[in-house]
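# Fold and geometry: a report
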Amino acid sequence: MDAPGFQLALRFLVILAVASSAGAAGACSSVTFSNRVYAACSDLPRLSSSLHWSFDAAAATLSIAFVAPPPKPEGWVAWAINPTADGMIGSQALIAFHQPNGSMGVRTYNISGYGSIAEGAIDFQTSDLAAEYSGGVMRVFGKLKLPAGTTAVKQVWQVGSSVADGVPQQHATELENTQSKGTLDLIKGAVSVSEASSSRNKNVHGVLNAVSWGILLPIGAIFARYLKTFESADPTWFYLHVTCQIVGYGVGVGGWATGLSLGSKSKGIEYTTHRSIAMALFSLATLQVFALFLRPNKDHKYRLYWNIYHHLVGYTVITLGVVNVFKGLDILGVAHKWRAGYIIAVCILGGVALFLEVATWIVVLKRKSDVSTKPYGESSSNGMIVRAIKSLKEKRGSSARAIGKFIRDTYSDLPGTHAALLKLHLRRLRSQGGLRMVKKSYKISASGPESPAAGEKRKRSRPPKTAEAAALDGKRKRGRPPKVNAAATASGSGATVSTPKRRPGRPPKGGAAASPVVQKRKPGRPSKASLASAQSGETRKRGRPPKASVAAAQSGGTRKRGRPPKAATKDASSAVKRKPGRPPGSAASTPKPGETPQKRRGRPKKTQPLDQQQGVPSQNNVARGTETATPTEKRRGRPPKKKVS
């Protein structure tokens, strides 16, 4: 009983396998040919095509029948084997199309590039080439002689829409056309589609660009436009904006580089619009990044123009990025779910931006209704400018930049024209006298401007003069006032005497006509000669005063220039040239009666007591005054020894 049950189960499995194989065969098994029978068939995954073939391994002969509908009746279909690669370049093709006489025919082409092709022999020997067209479908028949030992070939198939002058024209560049290639296993009878590296690169290119240009950059723009309106997010929004833009730019550069790589590998395939938008997008985004380092301060006069440029370029980059993402999705031919997912993401970002736009406008209008303007120019303690200067407490005054920074840090609800209002009120306070300039800095004046009464509007034009200016007799003339003569002022006369204008250059020395010029005292201790000349009333001459001898100074004469001559003496021996060394004492050195003795240079001589000198009277005689002491000259050298008697 077991044997009949086993046979029944085996038969059921065989029937199930046959049914499944018939279902798998699908449309290719339903195609029949007149006088042609093929051992295997397979529905190809692209271009709604199928392949029928028979392979004789012993003779290495491959018989094929390729079936595909052309885009137009006047189009063409092709099937090829590529012995060197898995793409179109290098493939040995059989192309079927309507011949000039109207009949269908097959021609051979060796595809060596992406340009125009020319008919020629291929690397395989061909025979039995034929073509048919019926029901909008073209059929290509042929037999190829393959190299011995071949078990699998790389096949490429394609369809085109036009033929001009007997030459098939370029086919479309959609995903169906660019991915119509695979491998045919002649022994197992299986067809596999080759997933080339270019397909992965395209997917990577699409994902990187969709995330960067299509998502991150719009999010960064939302942070910058709406979050800075709220006070609590004042410094945070800037860092979020910069982070999103820099990360998005970096990811976008990666996607842009993969696109260049894909373009260099597929020279015959060009997407002009997509590539042009990508080039413009990358250039503007790079310019936007470099402009970040040239951003002026908030109170700079060029900040307004920089903001206009930054906003225009930023919104242009976002718009081009979203448009080019949709262009890329069309080129890749992705499934509908991926396109729908990106559309949903863009709609979410647009909804968030719309909600924040309404919320921020409500906040701005409410602030304007509460506080229309700030008291910039009030001279009281409530004025922002006066309060800023007092709070900064700078001895040399506060600059306009420091005042503006203090106001921005202190007050949060400032108008957008804060910098212009600050300059206006600084200039107005200065003209009113409330502020004064000290080397491009502002200080509060001791007497501020007269504030208008409550409810009284200040008149236009220049304010009236103060009480001190009104008290002056007569209208003050324009220009610098004339100098007042000191003599007229001292005499008490009311007349104003103008002194003659001082000539350029150094004034002349002395003279009654010359006006007294007060000279600035030089640093240091004054010399004795200048003090003496100041006491005597004489004007000291320029330069170093000459040296005067004692006799000339006593007689009041003027000493002549040069070295004074040697004084002549009665002794003729003094005319002899002086020997080197210390001069001996002489009578000439003895001072005359009535003359002041002059101190000799050097150490004074030592004198011996009179009682120790030979031939000198005793001290008693000297004391009585009966004898005159005449000192003897001291002998040079060591004194002689006394003899002992």
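The rules behind each value
In this numbering scheme, every chain counts its residues from 1 along its sequence in written order. Given that this is a predicted model, residues contribute local features only at a pLDDT of at least 70 and side-chain atom pairs are listed and counted only at 80 or more, while totals for whole chains, interfaces and linings are drawn from all residues. Side-chain metrics in this entry use all non-hydrogen atoms of the structure; hydrogen atoms and water are not considered. UniProt positions are given in the numbering used here, feature names are shortened, and annotations may be inferred rather than shown by experiment. Orientation is described by axes fitted as lines to C-alpha atoms, over the contacting stretch for helices, and by angles from 0 to 180 degrees between their N-to-C directions. Per the convention used, a helix needs a DSSP run of H or I reaching at least four residues, while a strand needs a run of E reaching at least two, with both numbered from the N terminus. By the definition used in this description, the sense in which the near helix is turned from the far one sets the handedness, with an anticlockwise turn below a right angle giving left-handed and a clockwise turn giving right-handed. By definition in these notes, contact holds between two residues if any of their heavy atoms fall within 4.5 Å. The residue classification treats Ala, Val, Leu, Ile, Met, Phe, Trp, Tyr, Cys and Pro as nonpolar and Asp, Glu, Lys and Arg as charged. All others, Gly included, are polar. Within the patch definition used here, like charges are joined within 9 Å and nonpolar side chains (Val, Leu, Ile, Met, Phe, Trp, Tyr) within 5 Å, considering only residues with over 30% relative accessible area and no salt bridge. Here the accessible surface of atoms and residues is derived via Shrake-Rupley with a 1.4 Å probe, and residues count as covered only by protein chains that are part of the display. Any carboxyl oxygen of Asp or Glu within 4 Å of a side-chain nitrogen of Lys or Arg constitutes a salt bridge here. Relative accessibility decides the category of a residue: with a 1.4 Å probe and only protein chains considered, values under 20% of the type maximum give buried, values over 50% give exposed, and everything between is partly exposed. To estimate the expected span of a helix, count its residues, drop one, and scale the result by 1.5 Å. Here, nonpolar core refers to any group of buried Ala, Val, Leu, Ile, Met, Phe, Trp, Tyr and Cys residues whose side-chain atoms link them within 4.5 Å. A 3.5 Å cut-off defines polar contacts: any pair of N or O atoms within that distance qualifies, except that in protein one atom must be a possible hydrogen donor and the other a possible acceptor, and neighbouring residues in sequence count only when both atoms are side-chain atoms. A pair of strands is considered paired only if DSSP assigns at least 2 bridges between the two.

The name given to the protein in an unreviewed UniProt entry is Cytochrome b561 and DOMON domain-containing protein, with the source organism recorded as Musa troglodytarum. UniProt, in the comment section headed Function (unreviewed entry), describes the protein in these words: "May act as a catecholamine-responsive trans-membrane electron transporter." Under the UniProt heading Subcellular location (unreviewed entry), the entry covering the protein gives this text: "Membrane".

For the pair helix 5 (residues 234-265) and helix 6 (residues 272-291), interaxial distance at closest approach is 11 Å and the crossing angle is 145°. Viewed along their axes, helix 5 and helix 6 form a crossing whose handedness is left-handed. Within the contact between the two elements, helix 5 uses Tyr249, Val253, Trp256, Leu260 and Gly263 and helix 6 uses Arg275, Ala278, Met279, Phe282, Ala285, Thr286 and Val289. For the contact of helix 5 with helix 6, the residue count by class is nine nonpolar, two polar and one charged.

Bringing a nonpolar patch on the surface into the picture now. On the surface, Ile246, Phe290, Leu292, Phe293 and Leu294 cluster together into a nonpolar patch covering about 580 Å² of accessible area. Mapped onto the elements of the fold, Leu294 is located in the loop between helix 6 and helix 7 (303-332).

Turning our attention to the pattern of salt bridges. Considering all chains together, one arrives at five salt bridges under this definition. Linking Arg339 and Asp330 is a salt bridge whose minimum nitrogen-to-oxygen distance equals 2.0 Å. Judged by relative accessible area, which is 24%, Arg339 ranks as partly exposed. A relative accessible area of 39% means that Asp330 is categorised as partly exposed.

Its 20 residues give helix 6 an end-to-end C-alpha distance of 29 Å, which sits within 8% of 28 Å, the value for a rise of 1.5 Å per residue. The set of residues buried in helix 6 consists of His274, Ile277, Leu281, Phe282, Ala285, Thr286, Gln288 and Ala291.

If you trace the backbone, Glu357 turns up in helix 8 (residues 336-370). Using a relative accessible area of 19% as the deciding quantity, one classes Glu357 as buried. Aside from chain neighbours lying at most four places away, what touches Glu357 is Arg225 and Tyr226.

Among the nonpolar cores identified, the biggest contains 28 residues, and Leu62, Phe66, Trp79 and Leu146 are the most heavily contacted of them. Going through the elements one at a time, strand 2 (50-56), strand 3 (61-68), strand 4 (76-81), strand 5 (92-98), strand 6 (104-110), strand 8 (137-145) and strand 9 (152-160) are the ones with two or more residues in this core. Looking at this core element by element, the count peaks at four residues for strand 3. Those residues in contact with Trp79 that lie beyond four places of it in its chain are Leu51, Leu62, Ile64, Phe66, Gln92, Ala93, Leu94, Leu144, Gln155, Val156 and Trp157. Judged by nonpolar contacts, the second largest core, of 13 residues, contains Ile389, Leu422, Leu426 and Tyr442.

For Gln92, the location among the structural elements is in strand 5. A relative accessible area of 3% means that Gln92 is categorised as buried. Of the polar contacts made by the side chain of Gln92, one reaches the backbone nitrogen of Asp123; its length is 3.1 Å.

With that settled, consider unusual backbone geometry. With phi around 65°, Leu47 is a residue other than glycine that occupies positive phi space. Relative to the elements of secondary structure, Leu47 occurs in the loop between strand 1 (40-43) and strand 2. Positive phi, normally seen in glycine, also occurs at Lys439, with a value near 55°. Here Lys439 shows up in the loop between strand 14 (435-437) and strand 15 (442-444). Exposure remark for Lys439: the relative accessible area of 80% places this residue in the exposed category.

With respect to the secondary-structure elements, Ser192 resides in strand 13 (residues 190-193). Sequence separation between Ser192 and Leu44 is 148 residues, and the spatial gap between their C-alpha atoms is 8.9 Å. Ser192 has contacts with Gly182 and Thr183, leaving out every residue within four places of it along the chain.

The next subject is the sheet that holds strand 8. Pairing between sheet strands relies on hydrogen bonds along the backbone, with the strands arranged either parallel or antiparallel. Overall, antiparallel pairing links the five strands, which are arranged 1-2-3-8-7 in an open sheet. The open sheet has two edge strands with one neighbour each: strand 1 and strand 7 (125-134). Taken over all neighbouring pairs, the strand axes of this sheet differ in orientation by 15° on average, direction set aside. Relative to strand 3, strand 2 runs antiparallel, the two being bridged by seven bridges. Bridge pairing in strand 3 links Trp53 to Ile64.

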